[in-house]
Amino acid sequence: MRSPKTAFAAEAKAKGVKPKALAALAGTSYSTGTIQADRGQKNFKLSLGAFMQKRGAAAIIARAKSLKKTNGPLFASLEKRYGVPPGPLLAIWGMETGFGSYLGDQNTLSAVATLAYDCRRSAFFTEQLYAALKLVDRGVLTAASKGAMHGEVGQTQFLPKNILLYGADGDGKGGVNLNTMADALASTAKFLAAHGFVAGEGYQPGQASFTAIQGWNAATVYQKAIAIMAKKIDGL
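Here goes a summary of the coordinates provided. (Residues numbered from 1 in each chain as written. Predicted model: local features only at pLDDT ≥ 70, side-chain atom pairs only at ≥ 80, totals over all residues. Heavy atoms only, no water.)

Digging into the overall build of the chain
In terms of helices and strands, the chain carries 13 helices and 2 strands. C-alpha extents for the chain along the principal axes are approximately 60 × 40 × 30 Å. Counting across all 236 residues of the chain, residues that qualify as buried make up 47%. The contacts of the chain with a sequence gap of at least 6 include a subset with a gap of at least 24, amounting to 67%. Accessible area of the chain: about 11300 Å², with a carbon and sulfur share of 54%. Distance between charge centres in the chain, computed from 28 positive and 14 negative side chains, equals 3 Å. (Helix = DSSP H or I, 4+ residues; strand = E, 2+ residues; numbered from the N terminus. Buried < 20%, exposed > 50% of the residue type's maximum accessible area, 1.4 Å probe, protein only. Contact = heavy atoms within 4.5 Å. Areas by Shrake-Rupley, 256 points an atom, 1.4 Å probe, with all protein chains shown as cover. Lys, Arg positive; Asp, Glu negative; His and termini not counted. Charge placed at Lys NZ, Arg CZ, Asp CG, Glu CD.)

Right, here's the structure in full:
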């Protein structure tokens, strides 16, 4: 009897996944750390105030205001291109990786393959695994790529399918590398625009562009925290 990984590899090959990606898949292993992280997301059950304190919201806002000044041309170009102001981008960037200070050390393919095998959200992460294999074939990811515990990668933590859909070149160098600031922020702005961010409209709860923040993360406490921090960063 074939193992689940062997069976999936055969299915992937039949669907056109190329040898490089199949070899990367063969090197994956079950991640107990990923399963533990998936079962233990207790932060999202905190009150809004406790969540913001635990995540260091005040420090994120202060650092974001400084980065907004030093990277003014980049944020201006992203707002012109996607209609998203600096605040939400900086709040997400700070919340996700501390402005790129920690991108995670979990093998990306193993994390996604583990969650595809797990029964809790198998269909969702099977899509992510196919996307990750496409990214390996394209050279965007490798068998050694690392990121967060659920397979998110880059400075704003994109799942593989979202890289395929919303990955954007923010520095004009060609290609998409979400480990770089410009590409990560451009991709985040593209994601928010695609999820309903309306240029010039408010992004607080009940306002038009809040829908885009809801699209980024399903946790209500996270959504509200991003909106609050972004408003302070933008000086509104």
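Quick notes on the side chain of Gln155
Here Gln155 lies in the loop between β2 (146-147) and α10 (160-166). Residue class for Gln155 comes out buried when judged on its relative accessible area of 10%. There is a polar contact of 2.9 Å between the side chain of Gln155 and the side chain of Trp93. Beyond its immediate chain neighbours, meaning those up to four positions away, Gln155 contacts Trp93, Glu96, Thr97, Phe99, Gly100, Leu103, Leu178, Asn179, Thr180, Met181 and Ala184. (Polar contact = N/O pair within 3.5 Å; in protein donor to acceptor, adjacent residues only side chain to side chain.)

A short note on the nonpolar core
Soluble, globular proteins show a tendency: their nonpolar side chains are buried together. In terms of nonpolar packing, the biggest core is built from 68 residues, with Leu129, Leu133, Leu192 and Met229 touching the most fellow members. Here the element with the most residues in this core is helix α13 (residues 220-233); it accounts for 8 residues. (Core = buried A, V, L, I, M, F, W, Y, C linked by side-chain atoms within 4.5 Å.)

Quick notes on helix α9 (residues 122-138)
Over its 17 residues, α9 runs 24 Å from end to end, which matches the ideal 24 Å to within 8%, given 1.5 Å per residue. Buried within α9 we find Phe125, Gln128, Leu129, Tyr130, Ala131, Ala132, Leu133, Leu135 and Val136. Structurally, α9 contributes buried residues whose contacts are with α1 (4-14), α2 (19-26), α8 (108-117) and α10. Just downstream of α9, Gly139 is the residue with a positive phi angle, here 85 degrees. (Expected span 1.5 Å × (residues − 1).)

What about unusual backbone geometry?
Its identity as a non-glycine residue notwithstanding, Phe99 has a phi of 60 degrees, on the positive side. Structurally, Phe99 is set in the loop between α7 (86-97) and β1 (106-107). Positive phi is not limited to glycine here, since Gln157 has a value of about 65 degrees. By the secondary structure assignment, Gln157 is in the loop between β2 and α10. On the accessibility criterion, Gln157 (11% relative accessible area) is buried.

Here's the deal with the packing of α7 against α13
Two elements in contact, α7 and α13, have axes whose closest approach is 8 Å; the angle formed by their N-to-C orientations is 125 degrees. Comparing their axes, α13 and α7 come out oblique. Once α7 is placed against α13, the crossing between them reads as right-handed. Together, Gly87, Pro88, Leu90, Ala91, Ile92, Met95 and Glu96 of α7 and Tyr222, Ala225, Ile226, Met229, Ala230 and Ile233 of α13 make up the contact between the two elements. Its residues placed into classes, the contact of α7 with α13 shows 11 nonpolar, 1 polar and 1 charged. (Axes fitted to C-alpha atoms, helices over the stretch in contact; angles between N-to-C directions. Parallel < 35°, antiparallel > 145°, perpendicular 65-115°, else oblique. Left-handed = near helix turned anticlockwise from the far one by under 90°. Nonpolar A, V, L, I, M, F, W, Y, C, P; charged D, E, K, R; others polar.)

Things to note about the environment of Phe99
Here Phe99 falls in the buried class, since its relative accessible area comes to 14%. Once the C-alpha coordinates of Phe99 and Asp234 are considered, the two residues, 135 residues apart in sequence, prove to be 17 Å apart.

Thoughts on the pattern of salt bridges
Two side chains that carry opposite charge are able to pair once their charged atoms sit near each other. Evaluation of the coordinates by the stated rule reveals 3 salt bridges. A salt bridge links Glu11 to Lys15, with the nearest nitrogen and oxygen atoms 3.7 Å apart. Taking the shortest distance from any N to any O, the salt bridge between Lys161 and Glu127 comes out at 2.8 Å. Here Lys161 is found in helix α10, whereas its partner Glu127 is found in helix α9, with 34 residues between them in sequence. The exposure class assigned to Glu127 is partly exposed, which follows from its relative accessible area of 42%. (Salt bridge = Lys/Arg side-chain N within 4 Å of Asp/Glu carboxyl O.)

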